[in-house]
Amino acid sequence: MLIAIAVGALVYSKLRSAGIETEVATVSKVFPSQAFTLLNATGYVVPQTKADVASKATGQLEKLDVEEGSYVKKDQIIAQLENRDLMASLNQAAANVAVARTDLLKAEAELKESTLALNRARTLVQKKFVSQEIYDAEVARHEKAVAAVESAKSAIAAAEAAYQGARVSLDYTFIRAPFDGIILSKNADIGDILAPFSSTMLSKGTVVSMADMNTLEVEVDVAESNLNQVRVGQPCEIQLDAFPDDRFRCSVDRIVPTVDRTKATVLVKVRFIDKDERILPDMSAKVAFLSRELAADQRKPISGVPPAAIVTRGPDSVAFVLDGNRVKEVPVDTGERIGEWVVVKNGLKAGDRVVLSPSEKIKDGTEIRVREAERS
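The present account deals with the structure reproduced in this document. Computed from a prediction, not measured in an experiment: that's the story for all the values here.

## Quick notes on the overall build of the chain
- Counting secondary structure elements, the chain contains three helices and 25 strands.
- Summarising its shape, the C-alpha atoms of the chain cover approximately 165 × 45 × 40 Å along the three principal directions.
- Of all 376 residues assigned to the chain, the portion counted as buried reaches 36%.
- Across the chain, the fraction of contacts at a sequence separation of at least 24, relative to all contacts at a separation of at least 6, is 75%.
- Within the structure as shown, the chain displays about 21,800 Å² of accessible surface, and the carbon and sulfur contribution to it stands at 53%.
- Charge centroids of the chain, computed over 49 positive and 53 negative side chains, lie 3 Å from each other.

## Some thoughts on the nonpolar core
- Formed by 23 residues in total, the largest nonpolar core has its most connected members in Val45, Ile238, Leu240 and Phe289.
- Looking at this core, the elements that each hand over two or more residues are β4 (37–47), β13 (216–223), β14 (235–240), β15 (243–260), β16 (265–272) and β17 (284–290).
- Discounting chain neighbours no more than four positions away, the residues touching Leu240 are Val45, Phe248, Ile279, Met283, Ser284 and Ala285.
- Formed by 19 residues, the second largest nonpolar core is a distinct cluster that contains Ala51, Val66, Leu81 and Met210.

## Describing the sheet that holds strand β11 (residues 193–194)
- Read across the open sheet, the four strands follow the order β9-β8-β6-β11; overall the sheet is antiparallel. Strands with a single pairing partner mark the edges of an open sheet, and in this sheet they are β9 (174–176) and β11.
- Across three bridges, strand β8 (residues 77–81) lies against β9 in antiparallel orientation. Note on β9: the bridge partner recorded for Gln80 is Phe174.

## A look at the sheet that holds strand β18 (residues 302–305)
- Read from one edge to the other, the open sheet built from four strands follows the order β3-β18-β23-β22, with strand pairing classed as antiparallel. At either end of the open sheet lies a strand with only one pairing partner, and these are β3 (28–30) and β22 (333–338). This sheet shows a mean twist of 50° between the axes of neighbouring strands, independent of strand direction.
- Pairing between β3 and β18: three bridges, direction antiparallel. In the sheet register, Ser28 faces β18, and the bridge partner there is Gly304.

## Focus: the packing of helix α2 (residues 84–126) against helix α3 (residues 132–171)
- Interhelical geometry of α2 versus α3 gives an angle of 165° and a closest axis separation of 7 Å. Judged by the inter-axis angle, α2 sits roughly antiparallel to α3. By crossing handedness, the relation of α2 to α3 is classed as left-handed.
- Classifying every residue of the contact of α2 with α3 by side-chain character gives 28 nonpolar, seven polar and eleven charged.

## What about the pairing of strand β23 (residues 341–346)?
- Relative to β23, β18 runs antiparallel, the two being bridged by two bridges. By the bridge assignment, Val305 is partnered in β23 with Val342.
- Bridge count between β22 and β23: four bridges; the pairing is antiparallel. Considered in β23, the bridge of Asp333 is made with Asn346.
- Once β22 ends, the chain turns through two residues before running back antiparallel as β23, passing Gly339 with a positive phi of about 60°.

Rules used in this analysis
- Starting from 1, residues in each chain are numbered consecutively following that chain's sequence as written.
- At least 70 in pLDDT is required for a residue's local features to be given in this predicted model, at least 80 for side-chain atom pairs to be given and counted, and no such filter applies to totals for whole chains, interfaces and linings, which use all residues.
- Side-chain metrics in this entry use all non-hydrogen atoms of the structure; hydrogen atoms and water are not considered.
- Numbering goes from the N terminus for both helices and strands, where a helix is a DSSP run of H or I of at least four residues and a strand is a run of E of at least two.
- Classification of residues uses two cut-offs on accessible area relative to the type maximum, computed with a 1.4 Å probe and protein chains only: under 20% is buried, over 50% is exposed, and between them is partly exposed.
- Residues are treated as being in contact if the distance between any of their heavy atoms lies within 4.5 Å.
- Here the accessible surface of atoms and residues is derived via Shrake-Rupley with a 1.4 Å probe, and residues count as covered only by protein chains that are part of the display.
- Charge convention: Lys and Arg are scored as positive, Asp and Glu as negative, and His as well as the terminal groups of each chain are ignored.
- We put the charge of a Lys on NZ, of an Arg on CZ, of an Asp on CG and of a Glu on CD.
- Here, nonpolar core means buried Ala, Val, Leu, Ile, Met, Phe, Trp, Tyr and Cys residues that are tied together by side-chain atoms lying within 4.5 Å of each other.
- By this definition, two strands are paired if DSSP reports at least two bridges between them.
- Interaxial angles span 0 to 180 degrees and are taken between N-to-C directions of axes, which are lines fitted to C-alpha atoms, for helices over the stretch in contact.
- Note on angle classes: values under 35 degrees are labelled roughly parallel, values over 145 roughly antiparallel, values of 65 to 115 roughly perpendicular, and the remainder oblique.
- A clockwise turn of the near helix away from the far one marks a right-handed crossing, whereas an anticlockwise turn of less than a right angle marks a left-handed crossing.
- Basically, the charged four are Asp, Glu, Lys and Arg, the nonpolar ten are Ala, Val, Leu, Ile, Met, Phe, Trp, Tyr, Cys and Pro, and anything else, Gly included, counts as polar.

All quantities given are derived from atomic positions and should not be read as evidence of function.
Pasting the structure below:
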């Protein structure tokens, strides 16, 4: 009997020194939205309002006032082309307008004089003091003065139109922001030749690319077989790969009414409800389409573990937490099950490593060895 006890103690001692091989998992953050998720899809963040800003004039880029990340307001001047020749043309057009207005003043003065002379001639011819020929000459002179005034007015209109054309041509050399937004990239530098509607080795088509960050949305492809689970206005939740621990509220904004026959998918556009300056275009995103809107407390992450990590020892539910190469028995208070996870209300925190399916041999303080194929 004493020999058997000694052998058992020796075996137990070896087990403890070698450690019991077991599998572990990490306590993770679980979002309650997983319990209400009907469908998941992946896509990318895109701005609804985006533009490649170009010049409508051809010329050399002389000034560029923005950098990547610069915030600009609508109609703010972003860049300027060399425009001294157009400025001279504008000044010449303005001078022509002034000359035309002076000619109108002269024509109006002649009309006034001819009108007075015609009135005098009309009175005199009625009294037989002048001949009919003299009166007819004054009538012709007056009509000629009226025509000269109309001609001068038309000349002013033509000169002003030419001035407006010169001013528009000059304005084309100032490249303005079409809307409020942020500069995403610069496509030209000072000294480059800009050519509208084209881009060659010797010229550039666009100066900058910009987007309105207030119009960011996520585009995802939904299989047409799952389209019956998606509707406009449906609540969603977005997870960005750049911020895996955050969730952003959103809703279905538009369902594009066409099917991509090569992929058998429909494009769905999801708009953000929660705005965040960290969100950038082209970020990879995962969208969870929910069955209902979440309450405020359901949008916060909670701790969760695989059900196999929770065992009953006596009257308590416990988990075995790794502390170095040994485990510590911790009482836990569990809640509902969400997907593959069990909610842990008390006892564990995110990041803790716990033993999966602990056997009766594992107790508080037991030394263990983690299997290579660790679950996380």
